[in-house]
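Architecture and fold: a report
One letter stands for each residue in the lines below.
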Amino acid sequence: MRYSIDLRKRVLSFIETGGSITDASRRFSVSRSIIYKWINADDPFTYQKPGPRKPRSLDPQLLKQHVLDFPDHSLRERASYFGVSPFCVWYGLKNIGYTYKKRN
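All figures in this text were calculated on a predicted structure; none of them were measured in a lab. (Residues numbered from 1 in each chain as written. Predicted model: local features only at pLDDT ≥ 70, side-chain atom pairs only at ≥ 80, totals over all residues. Heavy atoms only, no water.)

**Here's the deal with the side chain of R8**
For the record, the criterion: Counting from the N terminus, the helices are the DSSP runs of H or I reaching at least four residues and the strands are the DSSP runs of E reaching at least two. In this scheme, a residue with accessible area under 20% of its type's maximum is buried, one over 50% is exposed, and one in between is partly exposed, where area comes from a 1.4 Å probe on protein chains only. Note on charges: Lys and Arg go in the positive column, Asp and Glu in the negative column, and His and the chain ends are not counted at all. We define a salt bridge as a side-chain nitrogen of Lys or Arg found within 4 Å of a carboxyl oxygen belonging to Asp or Glu. It only takes one pair of heavy atoms within 4.5 Å for two residues to be counted as in contact.
One can find R8 in helix α1 (residues 5-16). Buried within the structure, R8 lacks any salt-bridge partner; its nearest side chain of opposite charge belongs to D43, at an N-O separation of 7.6 Å. Sequence-distant contacts of R8, that is, excluding residues within four places in its chain, are made with R2, Y3, W38, P44, F45 and T46.

Now the structure itself:
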């Protein structure tokens, strides 16, 4: 649950004026752990969206070339070659258009 910026400001100003974290927790009905996170945050008034924090580590071109070079490798073998999880390889294969379906 995300707390409003107004509530965050009120809680932090209460603590800055001498109130304890426990009193702020009771008065504003927020947990002590979230107050500690707000105090230790670089900017407690911004919200960071959850999701990927770094770019994908599997290059589609390298994966495609690996499939052409070694067509019989399993997901686990490809994952150990690239240093990623088998799910990452499966997702990469799906994105470049490879499927397990046999076409006649």
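**A word on the packing of aromatic side chains**
What counts, and what does not: Note on ring pairs: Phe, Tyr and Trp rings are taken, using the six-membered ring of Trp, and paired if centres are within 6.5 Å. Classes follow the plane angle, with under 30 degrees stacked, over 60 edge-to-face and the rest tilted. Charge-over-ring placement is defined geometrically: NZ (Lys) or CZ (Arg) within 6 Å of the ring centre, and within 35 degrees of the ring normal.
Under the definition given, this model contains five aromatic pairs. One aromatic cluster is present, built from ring pairs that chain together F87, W90 and Y91. The side chain of K9 reaches across the aromatic face of F45, ending 5.9 Å from its centre.

**Some remarks on the pattern of salt bridges**
One pass over the structure, following the stated rule, counts one salt bridge. Of the charged contacts, one joins R10 and D6 as a salt bridge, the two residues approaching to 3.4 Å between their closest N and O atoms. Of this pair, R10 and D6 both sit in helix α1, four residues apart, which is roughly one turn of the helix. Classification of D6 by relative accessible area gives partly exposed; the value is 47%.

**Description of helix α2 (residues 21-28)**
Definition in use: As used here, the arc belongs to the directions running from the helix axis to the C-beta atoms.
Here α2 has its buried residues at I21, A24, S25 and F28. All buried residues of α2 fall inside an arc of 100 degrees around its axis, so they share one side. α2 presents R26 and R27 as exposed residues on the side facing more than 90 degrees away from its buried surface. At the exit of α2 stands S29, carrying a positive phi of roughly 55 degrees.

**Digging into the packing of helix α5 (residues 75-82) against helix α6 (residues 86-96)**
When two helices pack together, their arrangement is given by the angle between the helix axes and by the axis-to-axis distance. Our working rule: Only C-alpha atoms enter the line fits that serve as axes; for helices the fit covers just the stretch in contact. Angles between N-to-C directions range over 0 to 180 degrees. Here the word oblique covers every angle except those under 35 degrees (roughly parallel), over 145 (roughly antiparallel) and from 65 to 115 (roughly perpendicular). Note on residue categories: nonpolar means Ala, Val, Leu, Ile, Met, Phe, Trp, Tyr, Cys or Pro, charged means Asp, Glu, Lys or Arg, and polar means any other residue, Gly included.
Two elements in contact, α5 and α6, have axes whose closest approach is 8 Å; the angle formed by their N-to-C orientations is 100 degrees. With respect to α6, the element α5 is oriented roughly perpendicular. Residue-level contacts link L75, R76, R78 and A79 of α5 to P86, V89, W90 and L93 of α6. Here the contact of α5 with α6 is built from residues that sort into six nonpolar, no polar and two charged.

**Side note on a nonpolar patch on the surface**
We apply this condition: To count toward a patch, a residue needs a relative accessible area above 30% and no salt bridge. Like charges then connect within 9 Å, nonpolar side chains (Val, Leu, Ile, Met, Phe, Trp, Tyr) within 5 Å. Accessible areas in this description were obtained via Shrake-Rupley with a 1.4 Å probe; residue shielding takes into account the shown protein chains only.
Residues F87, W90, Y91 and Y100 make up a contiguous nonpolar surface patch of about 470 Å² in total accessible area. Judged by its relative accessible area of 58%, Y100 is exposed.

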